[in-house]
Amino acid sequence: MSDQNHVTVIARFTPASDRAPQLRALLEGMIAPTRSEPGCRSYDLYTTETEASDFVLLERYEDSAALEAHRTTAHYKAYRAQLSDLLAKPVEVSVLRPVDVIG
């Protein structure tokens, strides 16, 4: 696939009070199964350097179909079912399409 077809997702998670360890464990549990999906180019978890640490997923998929396939997997559905109790506010998600990128 051309790099012009890929899709990048940035998802930011703000943990509820005292729920950061559980949220981190849930997000870490998504890494291996998502990286093994055929359309996944990268799936990286970050944390912010502030006292109230948020978590940020930077995801890259071959194309929109690969992103949609990710959202239908059993591991994605199980993660979404557990997520809301761990958050202080809804997940902030941005889906990006390339304009001018390298690789």
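In the annotation of an unreviewed UniProt entry, the entry for the protein reads Antibiotic biosynthesis monooxygenase, and the organism field reads Streptomyces sparsogenes DSM 40356.

Let us look at the nonpolar core. Core analysis: the biggest nonpolar cluster contains 22 residues, and Phe-13, Leu-23, Leu-27, Tyr-43, Tyr-61, Tyr-79 and Leu-83 have the highest contact counts within it. Per-element accounting of this core gives the leading share, five residues, to helix α1 (residues 20-35). Every residue in contact with Phe-13, bar those within four places of it in the chain, is listed here: Leu-23, Leu-27, Asp-54, Phe-55, Leu-57, Tyr-79, Leu-83, Leu-87 and Val-91.

Another aspect to go through is the sheet that holds strand β2 (residues 40-47). Through backbone hydrogen bonds, the strands of a sheet pair up, either in parallel or in antiparallel fashion. Read across the sheet, four strands follow the order β2-β3-β1-β4 without closing on themselves; strand pairing throughout is antiparallel. Of all strands in the sheet, those bounded by a partner on one side alone are β2 and β4 (92-96). Each strand of the sheet is rotated relative to its neighbour by a mean of 10°, with strand direction disregarded. Relative to strand β3 (residues 55-61), β2 runs antiparallel, the two being bridged by seven bridges. The residue bridging Tyr-43 from the neighbouring strand is Glu-59, located in β3. Its contacts with the sheet put α1 on β1 (7-13), β2 and β3, and the angle it makes with β2 is roughly 165°.

Here is what the cut-offs are and how they apply
Residues numbered from 1 in each chain as written. Predicted model: local features only at pLDDT ≥ 70, side-chain atom pairs only at ≥ 80, totals over all residues. Heavy atoms only, no water. Core = buried A, V, L, I, M, F, W, Y, C linked by side-chain atoms within 4.5 Å. Buried < 20%, exposed > 50% of the residue type's maximum accessible area, 1.4 Å probe, protein only. Helix = DSSP H or I, 4+ residues; strand = E, 2+ residues; numbered from the N terminus. Contact = heavy atoms within 4.5 Å. Pairing = 2+ DSSP bridges. Axes fitted to C-alpha atoms, helices over the stretch in contact; angles between N-to-C directions.

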